[in-house]
Amino acid sequence: MTLKNTADRWGPVSQAFHWIIMLLILGLATVGLTMGELPKTPKYFWVFTAHKSIGITVLVLVLARLAWRLYAGRPDPVPGTPGWQERIASVTHWLLYALILLMPVSGWLYDSASGLRPFRWFGLFDMPKLVPPDEGLRGLAHEVHEWGFWVLAALVCVHAGAALYHHYFQRDATLLRMLPGGSPRIGDNAPSPPAPHRNPADVP
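Quick caveat, the model's predicted, so the values are computed rather than measured. (Residues numbered from 1 in each chain as written. Predicted model: local features only at pLDDT ≥ 70, side-chain atom pairs only at ≥ 80, totals over all residues. Heavy atoms only, no water.)

### Considering the pattern of salt bridges
Overall, the coordinates contain five salt bridges when judged by the stated rule. For the salt bridge of D111 with K52, the shortest nitrogen-to-oxygen distance reads 2.4 Å. Placement of D111 in helix α3 (residues 83–113) and of K52 in helix α2 (residues 42–72) is noted, with a sequence separation of 59 residues between them. For D111, a relative accessible area of 3% corresponds to the buried category. (Salt bridge = Lys/Arg side-chain N within 4 Å of Asp/Glu carboxyl O. Helix = DSSP H or I, 4+ residues; strand = E, 2+ residues; numbered from the N terminus. Buried < 20%, exposed > 50% of the residue type's maximum accessible area, 1.4 Å probe, protein only.)

Encoded structure:
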C-alpha cells in the first residue's frame, strides 16, 4: 500500500491530515463558542491556553498537509464531474486552506498584540510574540479571528454538503476516496443497472 495519493483516491497520510485537522477544528469551535461563558477561574485560563495550543497545532498540521500535497499530488477528478463543479471544488478547497491558516495566525496575532505574557504550547515551551503590544492591531486581529470563524464554518458546511450530495445523489466516489479502507474504483457506488425486462412468455 502506497502512502502517497493515487489517481483515484487520497492516500492514508492525506486522509489522516484531513480527519485529524477536522476533529481539532471542531474542538476549537466548540471551545471558542463557549469559552466566554466560563467564570474567570484558573480553569478558564487553562482552557484558554489549551485553545491557543491546539490552534498552533492546527497551523503546523495544515502547513504539513500542504507540503505533503505538493509532494504526493492529488487524485484525478471523478470521471463525469462537470468542469464547473471541479472548478468550484478547487476554489473551495483553497479558500478552506487559507481560512484554516488565517484562524490560528489571527489568534496568535491577537494574543501577541494584547500584551499578555507568552503562552506555553501545552506547557512545554513559550510561543514567541509576533508583534509588540498594540491596541489597534489587537482589535483588528480579534475581528478577523471572529468573522473568519463564521466564514470558515459556512465553507465547511458547503464542503460537507457537497461531499454528501456526491455520495447520495450523484453516487460517485468523491466521499469514499477520503475514507479509510479498500481502494474504491470510480463508480463503485454507482447505482446498479436495472434488470432486463423479461416477457412472461419467454419463461420456460
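### With respect to helix α4 (residues 135–170)
In this model, α4 (36 residues) spans 51 Å end to end at C-alpha, consistent with the 52 Å of a helix rising 1.5 Å per residue. For α4, the full list of buried residues reads A141, G148, F149, L152, L155, A163, H166 and H167. Looking at the buried side of α4, the elements it contacts are α1 (12–34) and α3. Capping the start of α4 is the job of one residue whose side-chain oxygen sits 3.0 Å from the backbone nitrogen of G136: D134. Two residues or fewer after α4 comes R171, characterised by a positive phi angle close to 50°. (Expected span 1.5 Å × (residues − 1). Contact = heavy atoms within 4.5 Å. Polar contact = N/O pair within 3.5 Å; in protein donor to acceptor, adjacent residues only side chain to side chain.)

### Things to note about the side chain of S14
Within the element layout of this structure, S14 appears in helix α1. The exposure class assigned to S14 is buried, which follows from its relative accessible area of 4%. Here the side chain of S14 touches N5 through a polar contact of 2.9 Å, side chain to side chain. Within polar-contact distance, the side chain of S14 engages the side chain of W68 at 3.3 Å. Excluding anything up to four places from it in sequence, S14 contacts N5, W68 and M178.

### Topic: the packing of α1 against α2
Contact geometry for α1 and α2: axes closest at 10 Å, N-to-C directions at 155°. In terms of orientation, α1 lies roughly antiparallel with respect to α2. Judged by the sense of rotation from one axis to the other, the crossing of α1 with α2 is left-handed. Side by side, α1 and α2 meet where V13, S14, F17, H18, I20, I21, L24, I25, L28, V31 and G32 of the first sit next to V47, H51, I54, G55, T57, V58, L61, V62, A64, R65 and W68 of the second. Classifying every residue of the contact of α1 with α2 by side-chain character gives 15 nonpolar, six polar and one charged. (Axes fitted to C-alpha atoms, helices over the stretch in contact; angles between N-to-C directions. Parallel < 35°, antiparallel > 145°, perpendicular 65-115°, else oblique. Left-handed = near helix turned anticlockwise from the far one by under 90°. Nonpolar A, V, L, I, M, F, W, Y, C, P; charged D, E, K, R; others polar.)

### Notes on unusual backbone geometry
Here F122, not a glycine, exhibits a phi torsion of approximately 50°, which is positive. Examined against the element boundaries, F122 turns out to sit in the loop between β1 (120–121) and β2 (125–126). On the basis of relative accessible area, F122 is assigned to the partly exposed category, the value being 45%. One non-glycine residue, R171, lies in positive phi territory at about 50°. As for its position among the elements, R171 is in the segment after α4.

### A word on a nonpolar patch on the surface
A cluster of nonpolar residues, L164, Y165, Y168 and F169, forms a patch on the protein surface that exposes about 500 Å² of accessible area. Mapped onto the fold, L164 is located in helix α4. The exposure class assigned to L164 is partly exposed, which follows from its relative accessible area of 44%. (Patch = residues over 30% accessible without salt bridge, like charges linked within 9 Å, V, L, I, M, F, W, Y side chains within 5 Å. Areas by Shrake-Rupley, 256 points an atom, 1.4 Å probe, with all protein chains shown as cover.)

### Digging into the confidence of the model for the chain
Residues of the chain with pLDDT of at least 70 account for 88%, and the chain-wide mean is 86. Under a pLDDT of 50 for its full length, residues 185–204 has, in the predicted model, 15 contacts with residues more than four places off or in other chains. (pLDDT = per-residue confidence, 0-100.)

### Quick look at the packing of α2 against α3
In contact at an axis separation of 9 Å, α2 and α3 are set at 145° when each is read in the N-to-C sense. The two elements α2 and α3 cross, and the hand of that crossing is left-handed. Judged by residue contacts, K52, G55, I56, V58, L59, V62, L63, R65, L66 and R69 of α2 engage W94, Y97, I100, L101, P104, V105, W108 and D111 from α3. For the contact of α2 with α3, the residue count by class is 13 nonpolar, one polar and four charged.

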